[in-house]
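# Analysis of the macromolecular model
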Amino acid sequence: MAVVGVRQVSMREVRAEAFFLGNRHKGQVVEGARKELRAADLDPERAALLRAVIRLAPSLVTEGPPS
């Protein structure tokens, strides 16, 4: 997959990024990710991570911490 420029993002990375986005954007995880995606100098790997956060945000909220 790396050959064609597609990067796999782990759930651990998504959860961590969602946590940090929530802190940086006063709890507005999805809106914060969308704002950060508009940055002109955004790294493609970071963009993939932000898109994964947006896509998976509802499941992050309902899933809760692992038992």
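Residues numbered from 1 in each chain as written. Predicted model: local features only at pLDDT ≥ 70, side-chain atom pairs only at ≥ 80, totals over all residues. Heavy atoms only, no water.

Here the focus is the packing of helix α1 (residues 11-24) against helix α2 (residues 29-37). With their axes 8 Å apart at the nearest point, α1 and α2 run at an angle of 90° to one another. Relative to α2, the element α1 lies roughly perpendicular. Residues E17, A18, L21, G22 and R24 of α1 touch α2, and the partners they reach there are V29, G32, A33 and E36. Grouping the amino acids of the contact of α1 with α2 by side-chain chemistry returns four nonpolar, two polar and three charged. (Axes fitted to C-alpha atoms, helices over the stretch in contact; angles between N-to-C directions. Helix = DSSP H or I, 4+ residues; strand = E, 2+ residues; numbered from the N terminus. Parallel < 35°, antiparallel > 145°, perpendicular 65-115°, else oblique. Contact = heavy atoms within 4.5 Å. Nonpolar A, V, L, I, M, F, W, Y, C, P; charged D, E, K, R; others polar.)

Counted by the stated rule, this structure contains one aromatic pair. With a centroid separation of 5.5 Å and an interplanar angle of 75°, the aromatic rings of F19 and F20 are classed as edge-to-face. For F19, a relative accessible area of 53% corresponds to the exposed category. (Phe/Tyr/Trp six-rings, centres within 6.5 Å; stacked < 30°, edge-to-face > 60°. Buried < 20%, exposed > 50% of the residue type's maximum accessible area, 1.4 Å probe, protein only.)

Quick look at the nonpolar core now. Counting residues in each nonpolar core, the largest one holds nine residues, listed as V14, A18, L21, A33, L49, L50, A52, V53 and L60. Of all the secondary structure elements, the ones that give two or more residues to this core are α1 and α3 (44-63). Among the elements that make up this core, the one with the highest residue count is α3 (five residues). Not counting chain neighbours up to four residues away, the residues in contact with L50 comprise E17, L21, A33, E36, L37 and L42. (Core = buried A, V, L, I, M, F, W, Y, C linked by side-chain atoms within 4.5 Å.)

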